[in-house]
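# Observations on the model geometry
What follows is the residue order along each chain.
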Amino acid sequence: MNAFQPHSSHWGAFSGRMEDGKLEIRAHPGDPHPSPILGNIPAIADSPVRVRRPAIRRGWLEGKPGHQQKRGADEFVEVNWQEALDLAATEVRRIYGEFGPAAVFGGSYGWSSAGRFHHAQSQIHRFLNVLGGYVRSVNTYSSGAASVIIPHVLGPYDTFDRKSVTWDAIERSTELVVAFGGMAIKNADVHGGGISQHVVLPKLKGASARGARFKLVSPLRDDFPADVNAEWLPIIPGTDVALLLGIAHVLVVEGLHDRDFLEHYTTGYDRFENYLLGRSDGVPKTPQWAAEICGIGAEAITDLARQMARSRTLITVSHSLQRADYGEQPVWMGIVLAAMLGQIGLDGGGYSYSLGALGNIGKSLLAAPLPTLNQFKNPLGDFIPVARISDMLLHPGEAFHYNGKELHYPDIRLVYWAGGNPFHHHQDINRLRRAFRKPDTLIVHESAWTATARFADIVLPATTTIERDDIGAADRDPLIIAMKRVIEPVGEARDDYDIFAELSRRLGTYETFSENRTSKEWLTFLFETTRSALAAGGHDAPDFETFWQSGELRLPVKPDDGGPANAFRQAPETSPLPTPSGKIEIFSQTIDSFGYDDCGGHPQFYPPRPETEDARYPLHLVCNQPHQRLHSQLDYGDFSRSTKIKNREPVRINPTDAASRGISDGDIVRLFNTRGSCLAAAVISSDVRPGVMQLATGAWFEADDTNAETAMCIHGNPNILTHDIGTSKLAQGCTGQLTRVEVERFSETLPPVRIFEAMTFSKKSR
Ligand SMILES: Nc1nc2c(c(=O)[nH]1)N[C@H]1C(S)=C(S)[C@@H](COP(=O)(O)OP(=O)(O)OC[C@H]3O[C@@H](n4cnc5c(=O)[nH]c(N)nc54)[C@H](O)[C@@H]3O)O[C@H]1N2
Ligand SMILES: Nc1nc2c(c(=O)[nH]1)N[C@H]1C(S)=C(S)[C@@H](COP(=O)(O)OP(=O)(O)OC[C@H]3O[C@@H](n4cnc5c(=O)[nH]c(N)nc54)[C@H](O)[C@@H]3O)O[C@H]1N2
Ligand SMILES: [Mo]
């Protein structure tokens, strides 16, 4: 019998072993509520979609002019490692030599995998920085708008609000949680880097048992766990700012707002109030005004405002609200409403951005630094906001706005990706296909033949975490885990580190990149930062070997002192916020001075963009995170595939909308708009608001015709439908959460989904 080896993943700590040719997985015994997503892991060991050998796209290999047009529609030729590495190194050298680092896009966005050393993003950035740098990307698909607006209003992202309100405080003190975008338990299954204990459900139940009440503001009923009683306010997607303003209006008219708090802790309230009451634009933001826009009745809005004013109230705003047009506004308006209630900094009250969206937010902060690989400094300053990738590739040299600056898109020749899947994460895939046909060369490290790998010129097979040793550790997770190799590398797969080290040898940068350490030596070296900090703090501080033998190490945590919000409340003069005024900026002179038409000096409601309003596409499509996997990762795993119907991704449709279109449960339907179309399997459900459908992200993109200008995805990837426009000129964040579509029964012959079958390779012709 093989022993179970400790390991970790973004969706939970576990242990695994190979037994009789099968990979067995057990959740960590200390996890009170393990995630079912663990069920996708066993397929890693033997799936036909694993990349087993290096492969080169035929057109690129043969170097025909205009060969880029075949990208995504070409054959692949398998080669040995020696040849693949020589080809890749020669091309990297050529691009750096002829065009310099400003022609290399190494943003390489993506979640990759748990593990502090073999972290693909750290590895690729380190490799490219040693070569002279690269065009990087800033911010994330998760919080593109929030991470730019919050620093103007409160101070650094992930500091003030996300580090102040804990689950313990909610369980202890909160009387009312108003969750905009909900707290879907599926989302708290996951935390980047690892999560050894899933506590959100037990904590919510604890608060509920004490008498806390919950309001779920969402187009979907199941954005709150079913076994915690929450009142559902089924809002029309994209209209939360109207609802927030309607609530704020009631507070002012009924004198329920906290004038004292507004005076001492905020700036610019008067300017905002002029807008709220309609003095500046002639439109008072009354509950009646809000009700017409957001679909929640005026009486319900008034009642909610009163309840919020008389309770210890916590407002949460999910990432999803800001992953949409004008996404800065709900984040900002949530903060303003919390300020009007005057509870910011009180135990269990105030505001928390994206609480519940990731499993470790709201847990205690760690009192020791985590092992971290130095990526070196990028000597090049050039960057794009992460979701502007197609704009960059399609429009080199063109100007764009970002956070008060005018910047220009670089002219990219080489795109290098490791640890991400742009054909999962980016919007308007047909446009992305055109964009990805622009550069000279696309190199991808992947463990599986994702749509991105199939679009590449050089595909280098990467191991997954279970094929290598690493250290598992994550923000706010108290356990460091000895992630031990569970299976041998599949096929000829190599660790990203070893691939970059071999390329560095050919490019003359090996010493700097590798520091002459083996992977095992790196683990010992990285662990030392944490060990010495623990020792200095007088904590248990085992050496690396002792830690490795015991399998895990528990880190000390900081006391729950209410964080920076409480410190600011206690002493606004001596603990001012790092904003221009030192206070919460309800009106921002800085943002106002940018003069943007889509993000002004205070939060406001912007009507839908004209280009998104088209009577032919009346239904809102919510493209949210999948419960059955992390993004597109392991979509080929058993648990994810068990949720497909006729091999398609399920799309939920309200009974009324289904009936008027003659759609029955289990039918294959076609969703379409001007950008493209996809097939999916209908699930009729009254858990979605009428007028709304829901199709999760992450089904691997498979075109009906790889040569078509406008392809249909036959599997169910919603990004074939979403639009590719930034949130605003301020943040230029991703707006992929919502789009407009029409749906019909698909009555043609059903094309088979082949994306999980083994690739066939062609022979070299020279
Ligand atoms: N329409 C719409 N689109 C969205 C969103 C939405 O709400 N709606 N959400 C957005 C959000 S918030 C995010 S974060 C993004 C997520 O987008 P991504 O992070 O790009 O999605 P993943 O599927 O996690 O892709 C990770 C890829 O890295 C590979 N990988 C994993 N580990 C390793 C490794 O060690 N080495 C190498 N070389 N590869 C590895 C995996 O096989 C996988 O293909 O999607 C965004 N896209
Ligand atoms: N299981 C699982 N968990 C995950 C991930 C995953 O892929 N799988 N991804 C992780 C990542 S990278 C991130 S960034 C977070 C994302 O966290 P979120 O962005 O919060 O997650 P989503 O599931 O995209 O959206 C949450 C809910 O918001 C609701 N919603 C959508 N539009 C609106 C709206 O206009 N108004 C209101 N009130 N509600 C709306 C939707 O019904 C949706 O279910 O999740 C993380 N957790
Ligand atoms: Mo994300």
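Residues numbered from 1 in each chain as written. Chains lettered and ligands numbered in written order. Predicted model: local features only at pLDDT ≥ 70, side-chain atom pairs only at ≥ 80, totals over all residues. Heavy atoms only, no water.

In the annotation of an unreviewed UniProt entry, the chain is listed under the name Biotin/methionine sulfoxide reductase and assigned to Neorhizobium huautlense. Its UniProt record gives the chain a comment under Cofactor (unreviewed entry), which states: "Mo-bis(molybdopterin guanine dinucleotide)". (UniProt positions renumbered as here; feature names shortened; annotations may be inferred.)

### Notes on the site of ligand 2
Residues in close proximity to ligand 2 total 32 residues, the closest being Lys186, Asp223, Gly238, Asp240 and Ser320. At 2.8 Å from an oxygen atom of ligand 2 is found a main-chain nitrogen or oxygen belonging to histidine 631. Taking 910 Å² as the accessible area of ligand 2 by itself, protein coverage stands at 98%. Elements that contribute at least two residues to the shell around ligand 2 include exactly helix 6 (185-188) and helix 13 (319-322). The dominant element in the shell around ligand 2, judged by the number of residues it contributes, is helix 13, at 3 residues. Across the shell around ligand 2, the residue classes break down as 15 nonpolar, 12 polar and 5 charged. Residue contributions to the shell around ligand 2 reach at least three from each of two domains, namely domain 3 (146-366 + 561-594) and domain 4 (610-745). (Near = heavy atom within 4 Å. Polar contact = N/O pair within 3.5 Å; in protein donor to acceptor, adjacent residues only side chain to side chain. Areas by Shrake-Rupley, 256 points an atom, 1.4 Å probe, with all protein chains shown as cover. Helix = DSSP H or I, 4+ residues; strand = E, 2+ residues; numbered from the N terminus. Nonpolar A, V, L, I, M, F, W, Y, C, P; charged D, E, K, R; others polar. Domains from an automatic or database assignment.)

### Some points on the UniProt feature "domain: Molybdopterin dinucleotide-binding" (unreviewed entry) in the chain
The positions that UniProt labels "domain: Molybdopterin dinucleotide-binding" (unreviewed entry) are, in the present scheme, residues 619-734. Across residues 619-734, helical content stands at 9% and strand content at 23%; the span's end C-alpha atoms are separated by 20 Å.

### Things to note about the nonpolar core
Core analysis: the biggest nonpolar cluster contains 180 residues, and Phe180, Phe272, Met340, Ile389, Phe436 and Leu671 have the highest contact counts within it. Non-local contacts of methionine 340, meaning those with residues more than four positions away in its chain, are made with Ala248, Leu251, Val252, His257, Asp258, Leu262, Tyr269, Phe272 and Leu276. By size, the runner-up hydrophobic cluster in this structure holds 54 residues, among which are Ala88, Leu373, Ile499 and Ala501. (Core = buried A, V, L, I, M, F, W, Y, C linked by side-chain atoms within 4.5 Å. Buried < 20%, exposed > 50% of the residue type's maximum accessible area, 1.4 Å probe, protein only. Contact = heavy atoms within 4.5 Å.)

### Looking at helix 19 (residues 496-507)
With 12 residues, helix 19 extends 16 Å between its outermost C-alpha atoms, agreeing within 8% with the 16 Å of an ideal straight helix rising 1.5 Å per residue. Looking only at helix 19, the buried set comprises Asp496, Tyr497, Ile499, Phe500, Ala501, Leu503, Ser504 and Leu507. One or two residues past the end of helix 19 sits glycine 508, with phi positive at roughly 80°. (Expected span 1.5 Å × (residues − 1).)

### A short note on the sheet that holds strand 1 (residues 5-9)
As summarised here, the arrangement of the 3 strands in space is 1-2-3, forming an open sheet in which the pairing is antiparallel. Lying at the two open borders of the sheet, with one neighbouring strand each, are strand 1 and strand 3 (22-27). The average angle at which neighbouring strand axes cross in this sheet is 40°, direction not considered. Of the strand pairs in this sheet, strand 2 (residues 12-19) and strand 3 are connected by 6 bridges, and their pairing is antiparallel. Among the inter-strand pairings, glycine 16 is bridged to a residue of strand 3, identified as isoleucine 25. (Pairing = 2+ DSSP bridges. Axes fitted to C-alpha atoms, helices over the stretch in contact; angles between N-to-C directions.)

### Focus on the site of ligand 1
Every one of the 32 residues lining ligand 1 counts as a neighbour, but Ser113, His425, Glu446, Ser632 and Asn719 are closest to it. Within the backbone of tryptophan 111, a nitrogen or oxygen atom sits 2.8 Å from an oxygen atom of ligand 1. Arginine 323 places a side-chain nitrogen or oxygen 2.8 Å from an oxygen atom of ligand 1. The fraction of the free accessible surface of ligand 1 (920 Å²) that becomes covered by protein chains is 97%. Class assignment for the residues of the shell around ligand 1 results in 6 nonpolar, 22 polar and 4 charged. When residues of the shell around ligand 1 are assigned to domains, at least three fall in each of domain 2 (55-141 + 379-473 + 491-522) and domain 4 (610-745).

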